[in-house]
Amino acid sequence: MPDAKTLLILDVDTGIDDALGLLYACAAPQATILGVSTVAGNVDLTRATRNTRAVLALAGRPEIPVWPGCARPIMREPEDASEIHGGSGLGNAILPEPAVAANAGNAIDEIVAAAKAHAGEIVLIATGPLTNVAVALMREPELPKLLKRLVLMGGAFKEGGNTTPAAEFNIWHDPEAARIVFQSFGGEGSAPLVAVGLDVTRQTLLLPEHLRDLARRCEGAAHAPALLQFLQDSTRHYFERVEKREGRRYFVMHDPLAIAAAIDPTLIDTAAVAVDVETTGTLANGMTLADWRGVWRRKPNAQVAVGVRAERMIEDFIAAMERLARR
Ligand code: RIB
Ligand code: CA
């Protein structure tokens, strides 16, 4: 059973899959979103923040606070993923310019303040590079004891990367931040760190027929036209890239799966393992090394997702989009 009224903070680099994950979280009756922090990753911080506000408005949730965070990785030069997400970060989708809150708080201040105000209750979900989470941990080293859970979309623990043969994008973009995060969890009293990596997200695919099915199911619903237009225009860019490469169309639900699994942990199976991150390599920079055979003799610091109920997750996602269309 999913947590009743899970308190969430999402940390995103709103690109296309972050956007679909935000829509899912907005439509989850069992989740209360305290705020959304933004970080540079898929696109620069300004675009990620603007996209996040625009997607929340599309979901009918413009009141959710958006807190800009770090504009660049801790050590490295930022390298975006605009070839995948498009220059805007939302593929071919065009959303109305969102209203900007006059007093938008800073991500780090807001994450730490919320964790202290709701000690032990907040599930922090990171679907972008871990720069904000690492800086928040440096600001408040007790953060692992103040959270209920950290769920991150990132890493590849039994298979290859998607940005280099060794590394997944969120980790690769800021490996120093990722190392700080993984090394901060696993101690006495620490909340679990759940890593939802490519091992399970690559099994969780949205297909064109799922969107056609959704269009049928929300025929005549008040908010269906704008929502369907967004889903079609944002994923089309991605579908076309994949089709050129593989001759078929699918969209990998990286961030939506991490967010769905944070709300309903029964969607994934996890295994406890010691994880560390390569930061000094050349070929393998940003690689997440999972010590499955225990050769490091370290205490596990992560719950790594090793299994997924992908079909149910896609069904839940489509049902959530129908709820948004009919709200
Ligand atoms: O590797 C996939 C991850 O990198 C997703 O979070 C996607 O949005 C990009 O940030
Ligand atoms: Ca992301």
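Above this note sits the structure.
All of these numbers come straight from a predicted model, not from anything done at the bench. For every chain, the first residue of its written sequence is number 1, and the numbers climb from 1 along that sequence. Written order decides the labels, with chains lettered from A and ligands numbered from 1. Note on the predicted model: pLDDT of at least 70 is required for a residue's local features to be given, and 80 or more for side-chain atom pairs to be given and counted; whole-chain, interface and lining totals, by contrast, use all residues. Calculation of side-chain values draws on the structure's entire complement of heavy atoms; hydrogens and water are dropped beforehand.

Trainee: Give a description of the site of ligand 1 that names residues and reports values.
Mentor: The environment of ligand 1 is made up of 13 residues, and the closest members are Asp17, Thr127, Asn162, Glu168 and Asp255. One nitrogen or oxygen atom from the side chain of asparagine 42 is found 3.0 Å from an oxygen atom belonging to ligand 1. Here a polar contact is taken to be a pair of N or O atoms separated by no more than 3.5 Å, where protein atoms must pair a possible hydrogen donor with a possible acceptor and residues adjacent in sequence count only if both atoms sit in side chains. Measuring from an oxygen atom of ligand 1, one finds a side-chain N or O atom of asparagine 162 at 2.8 Å. Only the protein chains shown count as cover for residues, with accessible areas throughout obtained via the Shrake-Rupley method and a probe of 1.4 Å. Burial of ligand 1 by the protein amounts to 97% of the accessible area it has alone, namely 270 Å². Cavities and pockets are defined on a 1 Å grid built over the protein atoms alone: a cavity is a set of grid points where a 1.4 Å probe fits but cannot escape, while a pocket is an open set with protein on both sides within 12 Å along at least five of seven lines, and lining residues are those with an atom within 4 Å of any such point. Just a note on the criterion: a molecule sits in a pocket or cavity if more than half of its atoms are within 2 Å of the grid points. Counting atoms within 2 Å of the grid points, the majority share of ligand 1 lands in the largest pocket. Nonpolar residues are Ala, Val, Leu, Ile, Met, Phe, Trp, Tyr, Cys and Pro. Charged residues are Asp, Glu, Lys and Arg, and all others, Gly as well, are polar. Classifying every residue of the shell around ligand 1 by side-chain character gives two nonpolar, six polar and five charged. Being near a molecule or strand, for a residue, means having at least one of its heavy atoms within 4 Å of it.

Trainee: Let's hear about the sheet that holds strand 12 (residues 302–308): which residues, and what values?
Mentor: Where strands meet in a sheet, backbone hydrogen bonds hold them as pairs that are either parallel or antiparallel. One requirement defines pairing of two strands: DSSP has to find at least two bridges between them. Secondary structure counts use DSSP, requiring at least four H or I residues in a row for a helix and at least two E residues in a row for a strand, with both numbered from the N terminus. Read from one edge to the other, the open sheet built from eight strands follows the order 3-2-1-4-5-6-12-9, with strand pairing classed as mixed. Since the sheet does not close on itself, it has two edges, and those belong to strand 3 (66–68) and strand 9 (268–273), each with one partner. Within this sheet the neighbouring strands show an average axis-to-axis angle of 25°, counted without direction. Note: strand 9 against strand 12, six bridges, orientation antiparallel. A fitted line through C-alpha atoms serves as each axis, taken over the contacting stretch for helices, and the angle formed by two N-to-C directions is quoted from 0 to 180°.

Trainee: Outline the pairing of strand 5 (residues 149–153), listing residues and values.
Mentor: Under the scheme applied here, a residue whose accessible area is under 20% of the maximum for its type counts as buried, over 50% as exposed, and between as partly exposed, the area being computed with a 1.4 Å probe on protein chains only. Counting buried positions along strand 5 gives five out of five residues, so the element sits mostly inside the fold. Pairing of strand 4 (residues 122–126) with strand 5, which is carried by four bridges, proceeds in the parallel orientation. What sits directly across from leucine 124, in strand 5, is leucine 150. The pairing of strand 5 with strand 6 (residues 193–196) spans four bridges and is parallel. Counted as the bridge partner of leucine 152 is alanine 195 from strand 6.

Trainee: Tell me about the coordination of the calcium ion (ligand 2), and please be specific about residues and values.
Mentor: For the calcium ion (ligand 2), the full set of protein donor atoms is Asp13 (OD), Asp18 (OD), Asp18 (OD), Thr127 (O) and Asp255 (OD), and the range of their distances to it is 2.2 to 2.6 Å. For the calcium ion (ligand 2), the donor residues sit on a single chain with the sequence spacing D-x4-D-x108-T-x127-D. Note that threonine 127 is positioned in the loop between strand 4 and helix 5 (131–139) and aspartate 255 in helix 12 (residues 254–263), a separation of 128 residues in sequence. Donor atoms: N, O and S within 2.8 Å of the metal, or within 3.2 Å for Na, K and Ca. Because water is excluded, sites can look incomplete.

Trainee: Lay out the layout of surface pockets with the relevant residues and their values.
Mentor: Within this model, the largest pocket holds a volume of roughly 570 Å³. For the largest pocket, the lining is made up of 30 residues, of which Ile84, Asn162, Leu198, Tyr238 and His254 are closest to its centre. Listing elements by their share of the lining of the largest pocket, those giving two or more residues are helix 1 (16–26), helix 3 (82–85), helix 7 (169–173), helix 11 (224–246), strand 8 (251–252) and helix 12. For the lining of the largest pocket, the leading source of residues is helix 11, giving five residues. Looking at the lining of the largest pocket, its residues break down into 12 nonpolar, seven polar and 11 charged. Grid points are joined across faces, edges and corners, and a volume is the space filled by probe spheres set on the points.

Trainee: Before we move on, can you summarise the packing of aromatic side chains with the specific residues and values?
Mentor: Pairing of aromatic rings covers Phe, Tyr and the six-membered ring of Trp, with a centre-to-centre limit of 6.5 Å; geometry is then stacked below 30 degrees between planes, edge-to-face above 60, and tilted otherwise. All told, the structure shown has three aromatic pairs when counted by the stated rule. Ring geometry for tyrosine 24 and phenylalanine 317: centres 6.5 Å apart, planes at 10°, overall stacked. Of the two residues, tyrosine 24 is situated in helix 1 and phenylalanine 317 in helix 13 (residues 310–325); the sequence distance between them amounts to 293 residues. For tyrosine 24, a relative accessible area of 5% translates into the label buried. Seen from the ring of tryptophan 292, lysine 158 lies directly overhead, with NZ or CZ sitting 4.4 Å from the centre. Charge-over-ring placement is defined geometrically: NZ (Lys) or CZ (Arg) within 6 Å of the ring centre, and within 35 degrees of the ring normal. Directly above the aromatic system of tryptophan 296 lies the positively charged group of arginine 298, at a separation of 4.2 Å from the ring centroid.

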